[in-house]
Amino acid sequence: MKIIDQLHSDNRGLSCELFPPKEGGQLANALDIVREISTQGVDFISVTYGAAGTAVGKSVSIVSEVEKCGMTAMAHLTCVNATAQHIEETLGTLRDAGVQNILALRGDLPAGMTLEHEAYRHASDLVKKIKEYGGFCVGGACYPEGHPESAGLDDDIEKLKYKVDNGVDFLVTQMFFDNTIMYNYMYRLLAHGINVPVIPGIMPVTNARQIARICKLSGTKLPLHFRAIVEKFADDSEAMKQAGICYATAQALDLLANGFKDVHIYTMNKPDVIGGMMENLSHVVRHD
């Protein structure tokens, strides 16, 4: 199923992100995670791609398993250092695996890798290529607090408008911890003429040490009331997990109550996290 069709339905739900195992990691374990999540009723599962497509084979195996389990898959696809032939081959492989949805991203070069191909320098270039190829519903990434490399939020939204105009069907946000930021962002998108569906992305914090690094890389800010929760329960892993799921559940509930059709959960490959949120919202999420 194409995600844009889900977003135009009367359904309310949660989706989640998985990432393939790192070099030497166990693909079998990742496939087991897919099967476990498939019993929990999520809207769709997105699967990351790895820097410059370094994990493309594993990513394809995972999205293929998602579709085999009867769920909707969204495959991440990056374009940095890619050629038209490579992109077309990957699109063909994804199509053959039953994938209908792609999140088009620029991506980053891995450390030590040299940029050899510059035809696809921006995600907007990739969006246009995928639309020309045909057959896919295309999502794009957006940043409620601005991309770390942008000159400012308005500059970032102007670049986002170009990406949307190239054919993006829907947007998925970077994580945020304050819903007010998201609502303000939606007004700014509309002011710039961007009116495609937006899926807010949130992350249940289950590891206090991990969140500092993630916020530094993404530019995401922690609101004071959430910072107090992290500081209080940082040394109690089970309490931190429960608190993180509860906080994210409250975020998701507020977002769904205010009209969003899906909330995307960055689970860090933890089925119990999405499972806990689905249980907390069992009568709120609805699939008619």
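See the structure shown above.
The structure contained in this document is the topic of the report that follows. What you see is a predicted model, and the numbers here were worked out from it, not measured in a lab. (Residues numbered from 1 in each chain as written. Predicted model: local features only at pLDDT ≥ 70, side-chain atom pairs only at ≥ 80, totals over all residues. Heavy atoms only, no water.)

1. A short note on the overall build of the protein
Each helix and strand in the protein was counted, giving 11 helices and eight strands. For a compact globule of 288 residues, the expected C-alpha radius of gyration is about 19 Å, and the protein comes in at 18 Å, within 12% of that figure. Taken along its principal axes, the extent of the C-alpha atoms in the protein is 50 × 45 × 45 Å. Taken over 288 residues, the protein has a buried fraction of 51%. In the protein, 84% of the contacts between residues at least 6 apart in sequence involve partners at least 24 apart. Roughly 13400 Å² of accessible area belongs to the protein as shown, and the carbon and sulfur atoms make up 50% of that amount. (Helix = DSSP H or I, 4+ residues; strand = E, 2+ residues; numbered from the N terminus. Rg over C-alpha atoms; globule rule 2.2 N^0.38 Å. Buried < 20%, exposed > 50% of the residue type's maximum accessible area, 1.4 Å probe, protein only. Contact = heavy atoms within 4.5 Å. Areas by Shrake-Rupley, 256 points an atom, 1.4 Å probe, with all protein chains shown as cover.)

2. Concerning helix α8 (residues 208-218)
Residues spaced three or four apart along an α-helix face the same direction, because each turn holds 3.6 residues. Among the residues of α8, A208, I211, I214, C215 and S218 are the ones counted as buried. Along the axis of α8, the buried residues cluster in a sector spanning 105 degrees; they form a single face. Seen from the open side of α8, the exposed residues pointing more than 90 degrees away from its buried face are R209, A212, R213, K216 and L217. Elements that come into contact with the buried residues of α8 comprise β6 (170-175), α9 (224-233) and α10 (237-257). Structurally, the start of α8 carries an N-cap: the backbone nitrogen of R209 is 3.0 Å from a side-chain oxygen of N207. Downstream of α8 by a residue or two, G219 has a phi angle that is positive, lying close to 80 degrees. (Arc of directions from axis to C-beta. Polar contact = N/O pair within 3.5 Å; in protein donor to acceptor, adjacent residues only side chain to side chain.)

3. Some points on the packing of aromatic side chains
Applying the stated criterion to the full structure yields four aromatic pairs. Ring centres of Y133 and F136 lie 6.2 Å apart, and the angle between their planes is 35 degrees; on these two criteria the pair is classed as tilted. Summarising the aromatic geometry, the rings of Y183 and F260 are spaced 6.4 Å apart at their centres and angled 25 degrees between planes, so their arrangement reads as stacked. Of this pair, Y183 sits in helix α7 (residues 179-191) while F260 is found in the loop between α10 and β8 (262-266), placing the two residues 77 residues apart along the sequence. (Phe/Tyr/Trp six-rings, centres within 6.5 Å; stacked < 30°, edge-to-face > 60°.)

4. What to know about the side chain of S124
Turning to its location among the elements, S124 is positioned in helix α5 (residues 123-133). Residue classification places S124 among the buried positions, given a relative accessible area of 8%. With residues near it in sequence (within four places) discarded, S124 still touches Y162, K163 and N166.

5. Here we look at the sheet that holds strand β4 (residues 101-105)
Strand order around the closed barrel formed by eight strands is β1-β2-β3-β4-β5-β6-β7-β8, with parallel pairing between neighbours. Neighbour-to-neighbour, the strand axes of this sheet turn through a mean angle of 25 degrees, independent of strand direction. Where β4 lies against strand β5 (residues 137-142), four bridges are found, and the strand directions are parallel. When the sheet's bridge partners are listed, A104 is paired in β5 with G140. (Pairing = 2+ DSSP bridges. Axes fitted to C-alpha atoms, helices over the stretch in contact; angles between N-to-C directions.)

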